[in-house]
Amino acid sequence: MKEARIAKVSGPLVIAGGCLGAKMFDMVRVSEKKLIGEIIELKGEEASIQVYEETAGIGPGEPVYLTGEPLSVELGPGLVSEIYDGIQRPLDVLQGVSGEFIARGVDVPGLNRTKKWHFKALRKPQEQVSAGDIIGEVEETPLIKHKIMVPPGVNGEISDIKEGEFNIQECIARVKGASATHEITMMQRWPVRKPRPIKEKFAPVEPLTTGQRVIDTFFPIAKGGTACIPGPFGAGKTVTMHEIAKWSDAQVIVYVACGERGNECADLLLSFPDLKDPRTGRPLLERTVIVANTSNMPVAAREASIYTGITIAEYFRDMGYSVAVMADSTSRWAEALREMSGRLEEMPGEEGYPAYLSSKIAEFYERAGKVACLGSEGRGGALSIMGAVSPPGGDLSDPVVQATLRVVKVFWGLDDKLANARHFPAINWLLSYSLYHDNLREFLKNNVAEEFIGLRAEAMRLLEEESSLLEIAHLVGIESLSFEDRLVLEVAKSIREDFLHQNAFHEVDTYTSLAKQYRMLKIIMEFYRLSREKIKEGVEFERIIGLPVREKISRLKYIAEADMGHFKEIEEELARSFQA
Amino acid sequence: MLKEYLTVSSVAGPLVVVEKTTEVKYAELAEVRFSDGSLRRGKVLEVSRDKALVQMFEGTIGMDVSTAKVRFLGRTQELGVSPDLVGRVFDGAGRPRDNGPQIIAAKRMDINGNPINPSSRAYPSEFIQTGISTIDGMNPLVRGQKLPLFSAAGLPHARLTAQIARQAKVAGTKEGFAVVFGAMGITFEEADFFMRDFRETGAIERSVLFVNLANDPAIERISTPRLALTCAEYLAFDLDMHVLVILIDMTFYCESLREISAARKEIPGRRGYPGYLYTDLATLYERAGRIKGKAGSITLLPVLTMPEDDKTHPIPDLTGYITEGQIIVSRELHRKGIYPPVDVLPSLSRLKDKGIGRDKTREDHSDVLNQLFACYAKGKEARELAVILGEAALSELDKLYLAFADAFENTFVRQKESEDRSITDTLDIGWELLNSIPHAELKRVREEYLDKYYRKKGQ
């Protein structure tokens, strides 16, 4: 066989000759430095390779090594709490090898090979198992029981299963199939561009609560749903994503920092070990996997990072967990696609993006869902995806935004004006939407309160009325509005400032449970109901809006979850105020 | 012995094609000897089996196809560094510009650098006091942050930048910063202003300047910020210094990048800028930061002029997506005669939260900052209303906010070019302003700080 050799180098694109027999999306090693790359185009014997590392110093004539395998990730105990680059190299191990700055050609495995895990067997010899069945588990962190599953494609009878301390490469069980005996280890490999198999998909019906009032109450996302959060820079995309990563009630979080800031990754890394999960009291890092390919790291690896993240997430979903993937930002991923497409001299579509942009985006979001997992136990898992989009100039007609909006069900539209007034989260309530309201109705009725949905609709109506009333007020002055309309303005302002506004950096305000959200909204709407009656009775408007209880309402958000008793007192005070 | 090629086949703009090459590597440095004996440098942009595309750093004026001799040096562009760099002035390609001697390199560093491993980064958290209220009070800068100044033609960004460079220190210390100054395409007068300012204040003793003027080759500008940042990395991470890097003006840098992209006939992105502008800018800006276990830091202050004052132009837009906030210089305030004309509402510092508060600035800083933002935003809304309806039609509360906005601009924003306000002074001015607003309106401030500071002074 002819040896593969480099014919041309242009930035991250390398063209190699003599690649007969190579397959699309096979991994290759480029030059003596063994840079990692992937085949993205084949023409006769020539292969176009996108290289995941800096190509300076590489030239024609150097060898290219074909591996014959697609780009894959390693799945097994050791994933949680880890921080990876775009092609699943653990960054702390890289640091040990090459220091504070990332050097090239460093080949480190995704999972620790030597660490011993305690494997607890859950199945016995002679039992029949099929792909996806759980044969045992490892307590990876106090929050995550890592289920060891029979890999896809393997069926048969367990001939042997052990319990004890093993590393991920040691055989823990043997399964005798129809044609061969499979040795099962705790590690699986899976190609990142191929979705992991499932049994069936369902419509999602349970909310993924995030502790963010504007999201949970007004624009909820379901477990297994998709959402996007577009906005100009400085509008708070990343802070919102971090807040969701911190407080959402998913069991596993995969955070993909794709082409974003290095300091933000450092922030996640430094704050997650200290932050406690509000439900379990354990450090958040114990349920988090981070994939970080910052903007100055090689652009091709940025393209891969999204797939690395989602494949890891699917693996945890297969164990029966509810998993949330946060991708920040998908625009940077799309730009990486555009850059490679440009270098391949493909015909550009909109804004220079390749014509296949929207199908790639749709494919990505379609990997979300509430599913029945493989395996005979009848497990269900959920994978939710939330993607940040960074359109140029905040312009929503950007092709990436438009392609994303066509596939996602929830849209959290960030607004520059709100951000400038430091109203955070700067999610514009008139612009945003959630298509999960109907799916979640039953759950909210049964688990929060019967009237919650009604309150929400009423509050939304007030906010919409406010925007049209404000237009009138700007033209004719606020004094010329009727008292009833002015009351609407006052209450809408209260909804905005006392409910929707949420300070991510305040120790209490950063997280609000659904129960507390309901109580807060209820008090605000109760104030509206009582005031409206009084105004109809002819009570002075100034007296009502000057009631001292209103200041208490404005501080409802600072009542700790543990002191929910205070709500009762304030509700009573509210009732008393109006009796007088 | 290096091979010398006489096989230049075409020259177009800054790009040169050399034929029949062997053993040439991507991104390798090339030297071209012109027929008049002068020597210019370039870098390999693309290489195939028998052809190399070279981008010249200093232009191709006077080059001819038949006699130009090209040698490939087998290494990438490097900067020779040593402690002697400090106090010197270089041109945009790293040659001495101050008639001083050549630097004897203690070490040679690739000017493209390597990305900092995200898990080796220390999170920036040390407050830098610039003495400017709009920055310290409202958009605080911390060591290791990258915070650009978005300005536009005719605005005093140079004076503001020089004031920051002069006054910046970590709160509570007298310790100053080493300044690495990278000028791309600015005029002689602007460059002279900085150099004079640095000399007069003695700042030159702890500065390194890389200056590419408007009439220097545009292509050289591609290397200038990389030289400056490489120098900064050496000072910060080898010599443990705290470095403030000023890059002015990024707009010219991006235009040079566009020039090369156009010469290569690449598919243009928005406004003709190349599709990889984001990635390219990120490889510059992301070099700022702090590293665990190292004493030094790089704080980056790029300055750019927004074409037509347009924040959505690709250069400010992509910059804003990479940097940790932005300081916006406003024409409106400048017209009102307010210096420094920083518009605080659209300005932002993303790293402020870990750098302020108890033990760093003052415990009430974060709340005061949020409250001032909210009040000033309301004041500006009231001002707009007053324009439409007349001031008389405003409610009492709106009138208070209107007065607040005026007072805010006149006492908080406005300060002298020589005025170095401490952070305590800045916060006290903030409280004086907030005293004019009723208690019930101050929703962003915690009760305990209201008790401690609200309407307390002067009693």
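How each quantity is defined
- Residues numbered from 1 in each chain as written.
- Chains lettered and ligands numbered in written order.
- Predicted model: local features only at pLDDT ≥ 70, side-chain atom pairs only at ≥ 80, totals over all residues.
- Heavy atoms only, no water.
- Helix = DSSP H or I, 4+ residues; strand = E, 2+ residues; numbered from the N terminus.
- Rg over C-alpha atoms; globule rule 2.2 N^0.38 Å.
- Buried < 20%, exposed > 50% of the residue type's maximum accessible area, 1.4 Å probe, protein only.
- Areas by Shrake-Rupley, 256 points an atom, 1.4 Å probe, with all protein chains shown as cover.
- Lys, Arg positive; Asp, Glu negative; His and termini not counted.
- Charge placed at Lys NZ, Arg CZ, Asp CG, Glu CD.
- Contact = heavy atoms within 4.5 Å.
- Pairing = 2+ DSSP bridges.
- pLDDT = per-residue confidence, 0-100.
- Core = buried A, V, L, I, M, F, W, Y, C linked by side-chain atoms within 4.5 Å.
- Phe/Tyr/Trp six-rings, centres within 6.5 Å; stacked < 30°, edge-to-face > 60°.
- 1 Å grid on protein atoms, 1.4 Å probe; cavity = no way out; pocket = protein on both sides within 12 Å on 5 of 7 lines; lining within 4 Å.
- Points joined across faces, edges and corners; volume = space filled by probe spheres on them.
- Nonpolar A, V, L, I, M, F, W, Y, C, P; charged D, E, K, R; others polar.
- Domains from an automatic or database assignment.
- Buried area = accessible area lost by both parts, 1.4 Å probe.
- Salt bridge = Lys/Arg side-chain N within 4 Å of Asp/Glu carboxyl O.
- Polar contact = N/O pair within 3.5 Å; in protein donor to acceptor, adjacent residues only side chain to side chain.
- Patch = residues over 30% accessible without salt bridge, like charges linked within 9 Å, V, L, I, M, F, W, Y side chains within 5 Å.

Caption draft 1: Quick peek at the overall build of chain A. Of the regular secondary structure elements, chain A holds 16 helices and 26 strands. A compact globule built from 580 residues would reach a C-alpha radius of gyration of about 25 Å, and chain A, at 27 Å, matches this within 12%. Structurally, chain A occupies a C-alpha span of about 95 × 55 × 40 Å along its principal axes. Per-residue burial for chain A yields a buried fraction of 62% across its 580 residues. For chain A, the accessible area works out to roughly 21,000 Å², and carbon and sulfur atoms hold 52% of it. If you average the places of the 70 positive and of the 85 negative side-chain charges in chain A, the two averages end up 3 Å apart.

Caption draft 2: Summary view of the overall build of chain B. Regarding its fold elements, chain B presents 13 helices and 22 strands. A compact globule built from 459 residues would reach a C-alpha radius of gyration of about 23 Å, and chain B, at 25 Å, matches this within 12%. Considering only C-alpha atoms, chain B reaches an extent of 85 × 45 × 40 Å along its principal axes. Burial status across chain B gives 61% buried among its 459 residues. Residue pairs at least 24 apart in sequence account for 73% of intrachain contacts in chain B once pairs closer than 6 positions are excluded. As displayed, chain B has an accessible area near 16,700 Å², and 51% of this comes from carbon and sulfur atoms.

Caption draft 3: Molecular detail of the sheet that holds strand β15 (residues 169–170) of chain B. Residues and elements named next belong to chain B. With respect to topology, three strands assemble into an open sheet ordered β13-β12-β15, the strand pairing being antiparallel. This sheet does not close on itself; its edge strands, each paired only once, are β13 (141–142) and β15. Judged from the two bridges that link them, strand β12 (residues 127–129) and β15 form a sheet pairing that is antiparallel. Within β15, the position partnered with Gln129 by the bridge is Lys169.

Caption draft 4: Layout of the environment of Leu75 of chain A. Residues and elements named next belong to chain A. By secondary structure assignment, the location of Leu75 is in strand β7 (residues 72–75). A relative accessible area of 0% places Leu75 in the buried class. With 237 residues separating them along the chain, Leu75 and Ile312 place their C-alpha atoms 6.9 Å apart. Those residues in contact with Leu75 that sit more than four places away from it in its chain are Leu111, Met186, Met187, Gln188, Trp190, Arg196, Thr311, Ile312 and Tyr315.

Caption draft 5: Inspection of the confidence of the model for chain B at higher detail. For chain B, the mean per-residue pLDDT works out to 91, and 98% of the residues sit at or above 70. Per the prediction output, this complex has pTM 0.91; the corresponding ipTM is 0.85.

Caption draft 6: Representation of the nonpolar core. Residues and elements named next belong to chain A. Membership of the largest hydrophobic core comes to 89 residues, with the highest contact counts inside it found for Met386, Trp412 and Ile495. When residues of this core are assigned to their parent elements, the largest contribution, eleven residues, is made by helix α13 (residues 514–537). If we ignore the near neighbours within four places in the chain, the residues touching Trp412 are Ile215, Phe219, Ile221, Ala227, Cys228, Ile229, Pro230, Ile244, Met386, Ile427 and Ser432.

Caption draft 7: Representation of the packing of aromatic side chains. One pass over the structure, following the stated rule, counts 24 aromatic pairs over all chains. Taken together, a centroid distance of 6.2 Å and an interplanar angle of 80 degrees make the contact between Phe233 of chain A and Phe150 of chain B edge-to-face. In this pair, Phe233 of chain A is assigned in the loop between β19 (226–230) and α3 (237–247) and Phe150 of chain B in strand β14 (residues 149–151), connecting two distinct chains. Overall, Phe233 of chain A belongs to the buried group, its relative accessible area being 3%.

Caption draft 8: Geometry of the confidence of the model for chain A. Predicted confidence across chain A gives a mean pLDDT of 92, with 100% of residues reaching 70 or more. Averaged pLDDT values for the elements of chain A fall to 85 in helix α4 (residues 262–271) of chain A and rise to 97 in strand β25 (residues 410–411) of chain A.

Caption draft 9: Molecular detail of the sheet that holds strand β13 (residues 156–161) of chain A. Residue and element names in this part refer to chain A. One open sheet holds the four strands; their spatial order is β10-β13-β15-β16, and the pairing between them is antiparallel. Two strands in the sheet have a free side with no partner beyond their single neighbour: β10 (128–129) and β16 (181–184). Both β13 and strand β15 (residues 173–176) contribute to a ladder of four bridges, which runs antiparallel. If you follow Asp160 over to β15, its bridge partner there is Arg174.

Caption draft 10: Representation of the environment of Asp438 of chain A within the structure. Residue and element names in this part refer to chain A. In this structure, Asp438 sits in helix α10 (residues 437–447). Accessibility expressed as a relative area gives 56% for Asp438, which makes it exposed. Separated by 300 residues in the primary sequence, Asp438 and Val138 place their C-alpha atoms 38 Å from one another.

Caption draft 11: Geometry of empty space enclosed by the protein. Enumeration according to the criterion identifies six cavities of 30 Å³ or more in this entry. Lining of the largest cavity is provided by 20 residues; of these, Glu335, Arg338 and Pro392 of chain A together with Arg270 and Leu318 of chain B occupy positions nearest its centre. A per-element tally of the lining of the largest cavity places helix α6 (residues 330–343) of chain A first, with four residues. Class assignment for the residues of the lining of the largest cavity results in ten nonpolar, four polar and six charged. The volume enclosed by the second largest cavity comes to roughly 90 Å³. In terms of lining, the second largest cavity is formed by Ala27, Lys43, Phe57, Thr76, Gln77, Ile111, Asn112, Ile222, Ser223 and Arg226 of chain B. Of the residues assigned to the lining of the second largest cavity, the class counts are four nonpolar, four polar and two charged. The two domains that each donate at least three residues to the lining of the second largest cavity are domain 1 (4–72) and domain 2 (78–353) of chain B.

Caption draft 12: Layout of the interface of chain A and chain B. Across the boundary between the two partners, chain A contributes 81 residues, which contact 78 residues of chain B. When the area that chain A buries against chain B is broken down by residue, the three leading residues are Phe233, Asn263 and Arg422 of chain A, summing to 13%. Linking chain A with chain B are eleven salt bridges, by the criterion used here. Its salt-bridge partner being Asp267 of chain A, residue Lys354 of chain B comes within 2.7 Å of it at the nearest N-O pair. Counting across the interface, chain A meets chain B through 36 residue pairs in polar contact (both at pLDDT 80 or more). If one sorts the elements of the side of chain A that touches chain B by residue count, α4 of chain A sits on top with eight residues. Split into classes, the residues belonging to the side of chain A that touches chain B amount to 27 nonpolar, 26 polar and 28 charged.

Caption draft 13: How the structure looks around a nonpolar patch on the surface. Residue and element names in this part refer to chain A. The grouping of Ile472, Leu475 and Val476 at the surface amounts to a nonpolar patch, some 300 Å² of accessible area in total. Along the chain, Ile472 falls in helix α11 (residues 452–476). What makes Ile472 partly exposed here is its relative accessible area of 41%.

Caption draft 14: Up close: the pairing of strand β2 (residues 13–17) of chain A. All names here are of chain A. β2 sits mainly inside the fold: five of its five residues count as buried. Of the two faces of β2, the one carrying Leu13, Ile15 and Gly17 and the one carrying Val14 and Ala16 are both buried. Alignment of strand β1 (residues 5–10) against β2, held across five bridges, turns out to be antiparallel. Bridging across to β2, Arg5 finds its partner in Gly17.

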